[in-house]
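Structure at a glance
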Amino acid sequence: MQKMLIGVLGGLILTGGIIPAEAVIRAMMIDGQNNHDWKKTTPAMKKILESCGLFQVDVLTSPPEGASMESFSPQFSDYQVVVTNYNGESWPEKTRQAFADYIRNGGGLVVVHAADNPFPEWAEYNEMIGLGGWGGRDEKSGPYVRWRDGKVVFDNSPGPGGSHGPQHEIQVEIRSATHPVTAGLPSKWLHATDEIYNRLRGPAKNMTVLATALTPPDKGGTGEHEPMLLAVDYGKGRVFHTVLGHEVKGMECVGFIFTLQRGAEWAATGKVTLKEVPEDFPGEDLVRTRPLE
Ligand code: ZN
């Protein structure tokens, strides 16, 4: 049985898609402002989440850039997990407080790519995302975080936070074989062409580096193993952060798809029931994708 939900709440556009009967986890996806093509990436991620049968996704679109944000007051507590595809203007203070309280009290959060760019001055948000880039972030935001000699290393040297070169394929290496999001995955996968962030900085508190990639200097990288997938504990809440997903073609990578599904389930519930690695999961030197458009 399926039903369609379309509503307008408090001046905000709330669109719900097809809801599979077996969906059990309610997810809110936030978009509306982003220097990326959120009008394409939001439907792609909604499709990723709903296609595994675990999620019912509602999309909450903020007022556009330059409009008053006063009406932006999502009912976070109606959801088990918030997926942010938002990189835009500040939220009202009461919304920030409600969001921080929601996560602190056990809500889930998934942060995708440029959603780690906004709110450089919002300390709680930066603790939630673990690492962020741009917006004036620098050594005052926290360390660079790298994987060296089998462990996480904090690098407090001064410099800006956030950098990338031209898009390219990259090998992602799993760094936690025991975390529910990455358990059982092949130790390396070749990720489809994407924009690969490096030099992110942040508080990096209560943060687990789940996967890294060696970013090549000839493609705007650092020559360091930079974090690609992160898990953060914030109060009773859980945060899954993927720095991948610049546009839909990168999201079509089955490595992105499966880690987003698992990451969202873990953020929502603390567990992962999606145990079985898909047969079309990428190989160490083989990109595998599924069409999302
Ligand atoms: Zn990007």
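Residues numbered from 1 in each chain as written. Predicted model: local features only at pLDDT ≥ 70, side-chain atom pairs only at ≥ 80, totals over all residues. Heavy atoms only, no water.

Glancing now at the coordination of the zinc ion. Each protein donor to the zinc ion is listed here as His36 (NE2), His113 (NE2), Glu195 (OE) and His246 (ND1); together their distances run 2.0 to 2.1 Å. What the 4 donor atoms of the zinc ion show is an angle range of 96 to 147° at the metal, which sorts the shape as irregular. (Donors = N, O, S within 2.8 Å, 3.2 Å for Na, K, Ca; no water. Tetrahedral: all angles 85-135°; square planar, octahedral: opposite > 155°, others 65-115°.)

The geometry of a pair of packed helices is captured by two quantities: the angle between their axes and the separation between those axes. Relative to each other, helix H1 (residues 38–51) and helix H5 (residues 254–269) sit at 70°, their axes nearing to 9 Å. By the criterion of interaxial angle, the relationship of H1 to H5 is roughly perpendicular. Handedness of the crossing formed by H1 with H5: right-handed. For the pair formed by H1 and H5, the contact residues are Met45, Ile48, Leu49 and Ser51 on the first element and Phe256, Ile257, Leu260, Gln261 and Ala264 on the second. (Axes fitted to C-alpha atoms, helices over the stretch in contact; angles between N-to-C directions. Helix = DSSP H or I, 4+ residues; strand = E, 2+ residues; numbered from the N terminus. Parallel < 35°, antiparallel > 145°, perpendicular 65-115°, else oblique. Left-handed = near helix turned anticlockwise from the far one by under 90°. Contact = heavy atoms within 4.5 Å.)

The next point concerns unusual backbone geometry. The phi torsion at histidine 113 lies on the positive side, around 50°, for a residue other than glycine. Summarising the element assignment, histidine 113 is placed in the loop between strand S6 (108–112) and helix H3 (123–129). Here histidine 113 falls in the buried class, since its relative accessible area comes to 1%. Phi is positive for asparagine 206, close to 50°, though the residue is something other than glycine. Along the chain, asparagine 206 falls in the loop between strand S10 (188–194) and strand S11 (207–214). (Buried < 20%, exposed > 50% of the residue type's maximum accessible area, 1.4 Å probe, protein only.)

What follows deals with the nonpolar core. Grouped together as the largest cluster of nonpolar side chains are 82 residues, with contacts concentrated most on Trp91, Phe99, Val110 and Phe256. With sequence-adjacent residues up to four places away left out, phenylalanine 99 is seen in contact with Phe76, Val82, Trp91, Leu109, Trp122, Tyr125 and Met128. (Core = buried A, V, L, I, M, F, W, Y, C linked by side-chain atoms within 4.5 Å.)

Take the pattern of salt bridges next. A side chain of one charge can pair with a side chain of the opposite charge if their charged atoms are brought near each other. Counted by the stated rule, this structure contains 15 salt bridges. A salt bridge links arginine 146 to aspartate 155; the shortest N-O distance between them is 3.4 Å. Considered together, arginine 146 and aspartate 155 belong to a single accessibility category, that of buried residues. Connected through salt bridges with shared partners, the residues Arg146, Arg148, Asp155, Glu224 and Glu226 form a single ionic network. (Salt bridge = Lys/Arg side-chain N within 4 Å of Asp/Glu carboxyl O.)

Our next topic: the packing of aromatic side chains. Throughout the structure, instances matching the rule amount to 17 aromatic pairs. Note on phenylalanine 72 and tryptophan 91: the rings are 5.3 Å apart at their centroids and 50° apart in plane angle, and the pair reads as tilted. Highlighted residues: phenylalanine 72 in the loop between strand S4 (55–61) and strand S5 (81–84) and tryptophan 91 in the loop between S5 and helix H2 (93–104), separated in sequence by 19 residues. Residue phenylalanine 72 is classed as buried on the basis of its relative accessible area of 0%. Three or more aromatic residues link up through ring pairs in this structure, and these residues are Phe72, Phe76, Tyr86, Trp91, Phe99, Tyr102, Phe119, Trp122 and Tyr125. It is arginine 26 that lies over the ring of tyrosine 79; its NZ or CZ is 4.8 Å from the centre. (Phe/Tyr/Trp six-rings, centres within 6.5 Å; stacked < 30°, edge-to-face > 60°. Lys NZ or Arg CZ within 6 Å of the ring centre and 35° of its normal.)

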